[in-house]
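Tertiary structure, described
One-letter residues, chain by chain:
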Amino acid sequence: MSVVIVVGAQWGDEGKGKVVDLFTERAQVVVRYGGGANAGHTLVIDGKKLVTHLVPSGVCHPGTSCVLGDGMVIDPHTLLEEIAECQERGLLMRNELLIGLGAHVILPYHKLLDGLREDYSAKQGRAIGTTRRGIGPAYEAKAGRRGVRMRDLYKPERLRALVAANIDELSPVFAHLGGTVPTGDDVARWVADALTAGERLRPHTGDAGRHVANAIAKGQHVLFEGAQGCLLDLDHGTYPYVTSSSTIAAGACQSAGIGPTQIDAVVGITKAYATRVGEGPFPTELFGAEGDKLRIAGGEFGATTGRPRRCGWLDLPALRMGVRLSGMQSLALTKLDVLAGMPEVRVCVAYKLDGKELDEPPTDPEDIARAEPVYTSLPGWAKLPAHAHDVTDLPTAARAYVETIERMAGVPFCLVSVGPDRSETIRLTDPFA
Ligand code: IMP
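In short, a report on the structure. Only a predicted model underlies this, so the values are computations on that prediction, with no experimental measurement involved.

So, about the packing of helix α10 (residues 316–326) against helix α12 (residues 396–409). At a closest axis distance of 10 Å, the pairing of α10 and α12 adopts a crossing angle of 55°. It follows from the interaxial angle that α10 and α12 lie oblique. Here α10 and α12 pass one another in a crossing that is right-handed. Seen from α10, the contacting residues are L316, L319 and R320; seen from α12, they are I405, M408 and A409. Within the contact of α10 with α12, the residues separate by chemical class into five nonpolar, no polar and one charged.

Around the ligand sit 16 residues in total, of which D13, N38, T131, T243 and R307 are the nearest. Measuring from an oxygen atom of the ligand, one finds a side-chain N or O atom of T243 at 2.6 Å. Summarising the interface, the protein chains cover 96% of the accessible area of the ligand, which totals 470 Å² for the free molecule. Here the residues of the shell around the ligand sort into seven nonpolar, seven polar and two charged. Three or more residues apiece are contributed to the shell around the ligand by two domains, here domain 1 (3–95 + 208–427) and domain 2 (104–203).

Take the packing of helix α3 (residues 108–123) against helix α5 (residues 156–176) next. In a packed pair of helices, the relevant descriptors are the angle between the two axes and the axis-to-axis distance. Packing of α3 against α5 brings their axes to within 11 Å, and their N-to-C directions diverge by 20°. As judged from the angle between their axes, α3 and α5 are roughly parallel. α3 and α5 meet at a crossing whose hand is left-handed. Here Y109, L112, L113, L116, R117 and Y120 of α3 lie close against α5, whose contacting residues are V163, N166, I167, L170, V173, F174 and H176. Taken together, the residues of the contact of α3 with α5 break down into ten nonpolar, two polar and one charged.

Cis geometry marks the peptide bond from Y239 to P240, where omega comes out at 5°. With respect to the secondary-structure elements, P240 resides in the loop between β10 (222–229) and α8 (250–256). With a phi angle near 60°, D13 is a residue other than glycine that sits in the positive phi range. When you line up the elements, D13 lands in the loop between β1 (3–8) and α1 (16–23).

Below, the discussion takes up the side chain of S57. The topology assignment puts S57 in the loop between β4 (48–52) and β5 (65–68). In this structure the side chain of S57 is engaged in a polar contact, spanning 3.0 Å, whose partner is the side chain of H41. Sequence-distant contacts of S57, that is, excluding residues within four places in its chain, are made with G17, V20, D21, H41, L43, T52 and E225.

Our next topic: the environment of G17. As for its placement among the helices and strands, G17 is situated in helix α1. You can call G17 buried: its relative accessible area is 3%. Along the backbone, G17 and S57 are 40 residues apart, and their C-alpha atoms lie at a distance of 5.3 Å. Aside from chain neighbours lying at most four places away, what touches G17 is H41, L43 and S57.

Let's shift gears to the packing of aromatic side chains. Tallied over the entire structure, the rule returns three aromatic pairs. Considering the side-chain rings of W381 and Y401, the 5.6 Å spacing of their centres and the 50° angle between planes classify their relative orientation as tilted. Remark: Y401 occurs in helix α12 and W381 occurs in the loop between β18 (372–379) and α12; sequence separation between them is 20 residues. Positioned above the aromatic ring of Y375 is the side chain of R346, whose terminal nitrogen or guanidinium carbon lies 4.4 Å from the ring centre.

Definitions and limits used
- Residues numbered from 1 in each chain as written.
- Predicted model: local features only at pLDDT ≥ 70, side-chain atom pairs only at ≥ 80, totals over all residues.
- Heavy atoms only, no water.
- Axes fitted to C-alpha atoms, helices over the stretch in contact; angles between N-to-C directions.
- Helix = DSSP H or I, 4+ residues; strand = E, 2+ residues; numbered from the N terminus.
- Parallel < 35°, antiparallel > 145°, perpendicular 65-115°, else oblique.
- Left-handed = near helix turned anticlockwise from the far one by under 90°.
- Contact = heavy atoms within 4.5 Å.
- Nonpolar A, V, L, I, M, F, W, Y, C, P; charged D, E, K, R; others polar.
- Near = heavy atom within 4 Å.
- Polar contact = N/O pair within 3.5 Å; in protein donor to acceptor, adjacent residues only side chain to side chain.
- Areas by Shrake-Rupley, 256 points an atom, 1.4 Å probe, with all protein chains shown as cover.
- Domains from an automatic or database assignment.
- Buried < 20%, exposed > 50% of the residue type's maximum accessible area, 1.4 Å probe, protein only.
- Phe/Tyr/Trp six-rings, centres within 6.5 Å; stacked < 30°, edge-to-face > 60°.
- Lys NZ or Arg CZ within 6 Å of the ring centre and 35° of its normal.

Shown next as structure tokens:
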């Protein structure tokens, strides 16, 4: 196996950062393939925290090539800040970073528009709860063939014309949403800032697709890092409560411009419970003290926005859907330690809707919201041993929980994470083996 995709199996925040960091030990190239600074990956290495939004989570392995694929939407200022933060820690010092010239650029008006739309929609009770990072507006511009790409940052005249044309078209929208209509001075400032940022990023830009294809041709280990989760996929997720990119495994091929025949393995990441940020149906959500308990135990606050995440029991129908959408052959289970201390642990094994039992969520989000979760209850466990290296090191009840999920999801586990640090991991199989 040399080409592996790692993808979130549910609504994001499954702990991909830690898993990608571990798998990167064996990879020469790690590629982030979708989304932008809406993602937030928390890495804990030797007890120290590093949060990345754009740079792949493999960044902590000096010498490993870190690629930002053409399918991404990149905020150049956030990226520059992140590079500086990594370099303060001695990372990205060997020219490891490569940004695809075809990736789209998030400019200030995308973020303004994202915020205005959310505020406007909230008044009508139909906000999506986006991260307000400009993701939707940047992907809209891309699909409308009027987007700004990284390569445009090196053609000042073209950039000026593109931004001016976009603002011209968007001005009535700004006015309609109750925002301040951007002026010519705004446009000039945004263009100047983008050009400056582009110059600083220039040494890191290039043909990302070719770079990845060459690495694959040489037989190097290439790891694709998904952002968000399968149920937030634009085409197959719980639309409209989704992000604007292809979060499923297929997105990796699109972003890097490689064929599906190049992929050797797909690994899904699932948390031992479920979380969701923003609006949208979430049948196993826990409210009040129960939800708070899980949120606090799991530190479930957004790494990007700081928003409290909605928390609930593990949702097997949703997990099965993720497994199917991405063709996952194995799963990494994360945050098992967070459930310690619960007298009982529940798992949603099916949904009940209009008298029928469903093994996957229905396709209409209104039906998902109406569906009743069918639970099975398992005994809880007190505490996990500090250094569990095998499932046999786990308390009997925790082991039974792991085995139950594995059986009901129909996919074997390749890894079980029992704490945030690299060392707190039970490794079962190597996806590159
Ligand atoms: P956007 O991607 O900012 O447009 O947000 C659309 C939806 O995706 C919202 O519900 C966000 O909360 C959710 N979302 C976006 N990125 C992440 C992430 O990294 N983790 C979890 N949810 C996310």
